[in-house]
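Now for the letters of each chain:
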Amino acid sequence: MKRLAGLVLVCAALAAPSTASGQAITPGEEGELANFLEPEAGKRICYARIYTAEHLAKHPKQKVTEIGFRLAYYRFPPDEFYPQGQRNYYFALTAKRKGNARQLTARGECGPNGSSIGCGVECDGGGVSVTRRPGDKILVSLGKGGWIRMAEGCDEEESAVNLEAGEDDREFLLSRLPDSACPPYGAW
């Protein structure tokens, strides 16, 4: 897959943001994002997968044992630059790896990218491409040679690691979680 092109990678404070920052999505220009999640303040959607021992035995080079993807639409209060309020799509990607019980998280923003969405981490922290699949599933892709920077906590750069595309860690098929299992954006 092609590396995410044209996606402006930005910081996203995942506690309810107090100031507008990042790549605003103009109403009506959500593209594929709107097919994932309606541009309505407070909307969110979550997907996850826990790989079985049987699956991991068939894919011995796969390092990821659990993976989750969250997407939220956030509308900032109006200000002098955005009288109607800036609008952004934020994501969180979580993962656990073989031999390590700690959960890693990457956070940032998403933008439309043709028939998929591109989600990236600020300061050249890499990113993923996400495509909708039938049956309330999504395919999260690192692409060939891609990666995403992940950490244990929100600002835990010293614990950051790169989740890199590998032979069995390039694409991940996730299933949608019930809305009741999808925490509000401010609780990520």
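Up top is the structure.
Notes on the structure in this doc start here. (Residues numbered from 1 in each chain as written. Predicted model: local features only at pLDDT ≥ 70, side-chain atom pairs only at ≥ 80, totals over all residues. Heavy atoms only, no water.)

### Looking at the overall build of the protein chain
Then comes step 1: A count of helices and strands for the protein chain gives two helices and ten strands.
Then comes step 2: Helices (α) and strands (β) of the protein chain occur, in sequence order from the N terminus, as α-β-α-β-β-β-β-β-β-β-β-β.
Then comes step 3: Buried positions account for 44% of the 188 residues belonging to the protein chain.
Then comes step 4: Contacts spanning at least 24 positions in sequence make up 61% of the contacts within the protein chain whose residues lie at least 6 apart.
Then comes step 5: Put simply, the protein chain shows about 9700 Å² of open surface, and 49% of that area lies on carbon and sulfur atoms. (Helix = DSSP H or I, 4+ residues; strand = E, 2+ residues; numbered from the N terminus. Buried < 20%, exposed > 50% of the residue type's maximum accessible area, 1.4 Å probe, protein only. Contact = heavy atoms within 4.5 Å. Areas by Shrake-Rupley, 256 points an atom, 1.4 Å probe, with all protein chains shown as cover.)

### What about the state of the cysteines?
Then comes step 1: Per the counting criterion, the structure on display carries two disulfides.
Then comes step 2: The partner cysteine of Cys46 in its disulfide is Cys182, sulfur to sulfur 2.0 Å. On the S-S bond that ties Cys46 to Cys182, the torsion sits near 70 degrees, and the link is right-handed. Here the residue Cys46 occupies a position in strand S1 (residues 44-50), and Cys182 occupies one in the segment after strand S10 (171-176), the gap between them amounting to 136 residues.
Then comes step 3: Disulfide pairing places Cys110 opposite Cys119 at an S-S distance of 2.0 Å. Taking the sign of the S-S torsion, about 105 degrees here, the bridge from Cys110 to Cys119 comes out right-handed.
Then comes step 4: Judged by relative accessible area, which is 2%, Cys110 ranks as buried.
Then comes step 5: In the protein chain, the cysteines engaged in disulfides, taken in order along the sequence, are linked 1-4, 2-3. (Disulfide = S-S within 2.5 Å.)

### Digging into the pairing of strand S3 (residues 87-97)
Then comes step 1: In terms of burial, S3 is a largely internal element, nine of the eleven residues being buried.
Then comes step 2: Taking the residues between adjacent antiparallel strands as the criterion, S3 and strand S4 (residues 100-113) are bridged by two residues, where Gly99 takes a positive phi near 75 degrees. (Pairing = 2+ DSSP bridges.)

### What to know about the packing of aromatic side chains
Then comes step 1: According to the stated counting rule, one finds seven aromatic pairs in the structure shown.
Then comes step 2: Summarising the aromatic geometry, the rings of Tyr73 and Tyr89 are spaced 4.9 Å apart at their centres and angled 70 degrees between planes, so their arrangement reads as edge-to-face. Placement of the pair is Tyr73 in strand S2 (residues 64-75) and Tyr89 in strand S3, with a sequence separation of 16 residues. Here the two residues Tyr73 and Tyr89 agree in accessibility, since each one is buried.
Then comes step 3: The interplanar angle of 80 degrees and the centroid separation of 5.2 Å between the aromatic rings of Tyr185 and Trp188 together place this pair among those described as edge-to-face.
Then comes step 4: Site record: aromatic cluster; members linked through ring pairs are Tyr74, Phe76, Tyr90, Tyr185 and Trp188. (Phe/Tyr/Trp six-rings, centres within 6.5 Å; stacked < 30°, edge-to-face > 60°.)

### Section: unusual backbone geometry
Then comes step 1: For Cys123, which is not a glycine, the phi torsion comes out positive at approximately 60 degrees.
Then comes step 2: Here Cys123 is to be found in the loop between strand S5 (116-120) and strand S6 (127-133).
Then comes step 3: Residue classification places Cys123 among the exposed residues on the basis of a relative accessible area of 56%.
Then comes step 4: One non-glycine residue with positive phi stands out, namely Asp136, at about 60 degrees.
Then comes step 5: Counting through the fold element by element, Asp136 comes out in the loop between S6 and strand S7 (137-141).
Then comes step 6: Among the residues examined, Asp136 registers a relative accessible area of 47% and is labelled partly exposed.

### Let's talk about the pattern of salt bridges
Then comes step 1: Evaluated as defined, the whole model comprises five salt bridges.
Then comes step 2: A salt bridge links Glu32 to Arg132; its shortest N-O distance comes to 2.6 Å. A residue pair is termed long-range when its members are at least 10 positions apart, and Glu32 in helix H1 (residues 32-36) and Arg132 in strand S6 qualify at 100 residues.
Then comes step 3: For Glu32, a relative accessible area of 9% translates into the label buried.
Then comes step 4: Where Arg102 meets Glu152, a salt bridge forms, and the shortest distance between an N and an O atom there is 2.5 Å. Taken together, the positions of Arg102 in strand S4 and Glu152 in the loop between strand S8 (147-150) and strand S9 (161-164) put the pair 50 residues apart, joining distant regions of the chain.
Then comes step 5: Look at Glu152 and you get partly exposed, because its relative accessible area is 42%. (Salt bridge = Lys/Arg side-chain N within 4 Å of Asp/Glu carboxyl O.)

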